[in-house]
Amino acid sequence: PVVAEAPAVAPAVAPVAPPAPPPVVAAAPATHEPSGDEIMAQHRQQALATLASAGLSAKQGAWLYGDYINNADGITTAIACAQACVADIKCHH
């Protein structure tokens, strides 16, 4: 007699889960690189605020001192210049 063999059955395989999606990476916030004009405006506003806090009247423009003294040693700020001028009877501002 011919015996029919049972068809081969594939072994049971557990279903494979799909791969996890890649992690979401937040984009870095855009940074603003200030222009030269913006940097100058910031320095000007700081200088005017510093002068005002020292009780000195100032406004945007050129500081001219009639060539009485140029490049005085140790005078590197408008406040130091104003203080040196007040101490010097020949200086007028």
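Above this text you will find the structure in question.
Regarding the overall build of the chain
- Summing up its helical and strand segments, the chain has 2 helices and 0 strands in all.
- The burial tally for the chain puts 9% of its 93 residues in the buried class.
- Element-wise, carbon and sulfur atoms account for 62% of the exposed surface of the chain, whose accessible area totals about 8700 Å².

Quick word on the state of the cysteines
- In the structure shown here, the tally under the stated rule is 1 disulfide.
- Covalently, Cys85 is tied to Cys91 through a disulfide, its sulfur atoms 2.0 Å apart. The sign of the S-S torsion, about -100°, decides the handedness of the disulfide formed by Cys85 and Cys91: left-handed. As far as the burial class goes, Cys85 and Cys91 line up, both buried.
- Residue Cys81 stays outside any disulfide, its sulfur separated by 6.5 Å from that of Cys91, the closest cysteine.

Considering helix 2 (residues 78-87)
- For helix 2, the complete set of buried residues consists of Ala78, Ile79, Ala80, Ala82 and Cys85.
- Buried residues along helix 2 sit against helix 1 (36-53).

Conventions and cut-offs
- Residues numbered from 1 in each chain as written.
- Predicted model: local features only at pLDDT ≥ 70, side-chain atom pairs only at ≥ 80, totals over all residues.
- Heavy atoms only, no water.
- Helix = DSSP H or I, 4+ residues; strand = E, 2+ residues; numbered from the N terminus.
- Buried < 20%, exposed > 50% of the residue type's maximum accessible area, 1.4 Å probe, protein only.
- Areas by Shrake-Rupley, 256 points an atom, 1.4 Å probe, with all protein chains shown as cover.
- Disulfide = S-S within 2.5 Å.
- Contact = heavy atoms within 4.5 Å.

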